[in-house]
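Notes for the structure review
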Amino acid sequence: FKEGEAKSLTNLGAMESIAGNYSAALQYYFEGLKIWEQINNKRGMMMNKNNIGEVYGYLRKNQLQYQYLTEALHIANENKFGDGEALIKNNLSIYYSSKNDFKNAFATQIDAVLLFEQQNKRSEAALGYSNAGAYKFLSGNLDSALFYYFKAKAIGEKLNDPRVLSMCYGNIAEVYEN
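Residues numbered from 1 in each chain as written. Predicted model: local features only at pLDDT ≥ 70, side-chain atom pairs only at ≥ 80, totals over all residues. Heavy atoms only, no water.

The subject of this paragraph is the overall build of the chain. Within the chain one finds nine helices and zero strands. Listing the helices and strands of the chain from first to last along the sequence gives α-α-α-α-α-α-α-α-α. Once the C-alpha set of the chain is aligned to its principal axes, its extents read approximately 55 × 30 × 30 Å. Residues classed as buried in the chain amount to 46% of the 178 residues present. In the chain, 50% of the contacts between residues at least 6 apart in sequence involve partners at least 24 apart. Total accessible area on the chain is roughly 9400 Å²; 50% of this is exposed by carbon and sulfur atoms. One way to put it: in the chain the 19 positive side-chain charges average out to a point 3 Å from where the 19 negative ones average out. (Helix = DSSP H or I, 4+ residues; strand = E, 2+ residues; numbered from the N terminus. Buried < 20%, exposed > 50% of the residue type's maximum accessible area, 1.4 Å probe, protein only. Contact = heavy atoms within 4.5 Å. Areas by Shrake-Rupley, 256 points an atom, 1.4 Å probe, with all protein chains shown as cover. Lys, Arg positive; Asp, Glu negative; His and termini not counted. Charge placed at Lys NZ, Arg CZ, Asp CG, Glu CD.)

Turning our attention to the packing of aromatic side chains. Centre-to-centre distance and the angle between the planes together describe a pair of aromatic rings. Applying the stated rule across the entire model yields nine aromatic pairs. Seen from their ring centres, Phe30 and Tyr68 are 5.8 Å apart, and the 75° between their planes marks the pair as edge-to-face. Of this pair, Phe30 sits in helix 2 (residues 22-38) while Tyr68 sits in helix 4 (residues 62-79); the two residues are 38 residues apart in sequence, bridging distant segments of the chain. Taking the centre distance of 5.9 Å and the plane angle of 35° together, the rings of Tyr56 and Tyr68 count as tilted. In this pair, Tyr56 is assigned in helix 3 (residues 42-58) and Tyr68 in helix 4, connecting sequence segments 12 residues apart. Classification of Tyr68 by relative accessible area gives buried; the value is 13%. Pairwise contacts between aromatic rings join Phe106, Tyr129, Phe147 and Tyr148 into one cluster. In this structure, Arg43 packs its charged tip against the face of Phe81, placed 4.1 Å from the ring centre. The lysine or arginine in question, Lys136, covers the ring of Phe106, its NZ or CZ lying 4.2 Å from the ring centre. (Phe/Tyr/Trp six-rings, centres within 6.5 Å; stacked < 30°, edge-to-face > 60°. Lys NZ or Arg CZ within 6 Å of the ring centre and 35° of its normal.)

So, about the environment of Met167. Assignment of secondary structure puts Met167 in helix 9 (residues 162-177). With relative accessibility at 28%, the residue Met167 sits in the partly exposed group. Here the alpha-carbon distance between Met167 and Asn11, two residues 156 residues apart in the chain, equals 28 Å. Ignoring any residue separated from it by four or fewer positions in sequence, one finds Met167 in contact with Leu127 and Ser130.

The next thing to look at is the layout of surface pockets. In this structure, the largest pocket encloses a volume near 220 Å³. Taken together, Glu54, Gly57, Tyr58, Arg60, Asn62, Gln65, Leu69, Asn90, Asn91, Ile94 and Ser98 make up the lining of the largest pocket. Going through the elements one at a time, helix 3, helix 4 and helix 5 (82-98) are the ones with two or more residues in the lining of the largest pocket. Residues that form the lining of the largest pocket fall into these classes: three nonpolar, six polar and two charged. (1 Å grid on protein atoms, 1.4 Å probe; cavity = no way out; pocket = protein on both sides within 12 Å on 5 of 7 lines; lining within 4 Å. Points joined across faces, edges and corners; volume = space filled by probe spheres on them. Nonpolar A, V, L, I, M, F, W, Y, C, P; charged D, E, K, R; others polar.)

Along the chain, Gln109 turns up in helix 6 (residues 102-118). Taking the relative accessible area as the measure of exposure, Gln109 reaches 0% and is therefore buried. In terms of polar contacts, Gln109 uses its side chain to reach the side chain of Asn131, at 3.4 Å. (Polar contact = N/O pair within 3.5 Å; in protein donor to acceptor, adjacent residues only side chain to side chain.)

The structure is reproduced here in structure tokens:
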């Protein structure tokens with residue numbers, strides 16, 4: 001019963017986050033986290049801490065964003081949750097990017113991409129390569145940006161994924177405009 005309640009609260013938090021109602025999202029995520037902790041469900045704790053960190057990122061509360069993401073990453077590593085580790089590293093790369101630390105953003109994103117590839121999550125890997133290209137672009141390294149954008153595009157073509165392809169074409173065009 002408690003696990004179902006925690007899942008429901010987490011889902012409500014996700015719905016509120018998508019709708020941009022971040023205070024409500026945090027309320028649901030924290031309520032869910034409390035239950036995950038009570039029943040000692042490490043995966044639930046990891047995912048809710050990741051979600052809380054993500055919301056704090058939207059709110060530009062970087063210290064709290066980093067705190068919850070690193071707590072989630074610790075749980076993922078401790079319990080060998082590779083899928084969670086990839087997702088959290090993806091979010092940590094966004095944190096580093098928001099601090100204009102493109103070196104760490106890139107390194108963390110590539111770590112996430114390699115994990116996504118190990119898990120055969122090709123679409124996530126393609127999006128990760130595109131993010132890595134963006135960090136290179138923002139660092140002024142246009143040749144490297146193109147390398148990662150084209151790598152993402154190749155995966156998008158194999159998957160016939162219009163979301164990946166449209167993003168890649170836009171990113172590649174932006175490099176050529178510069």
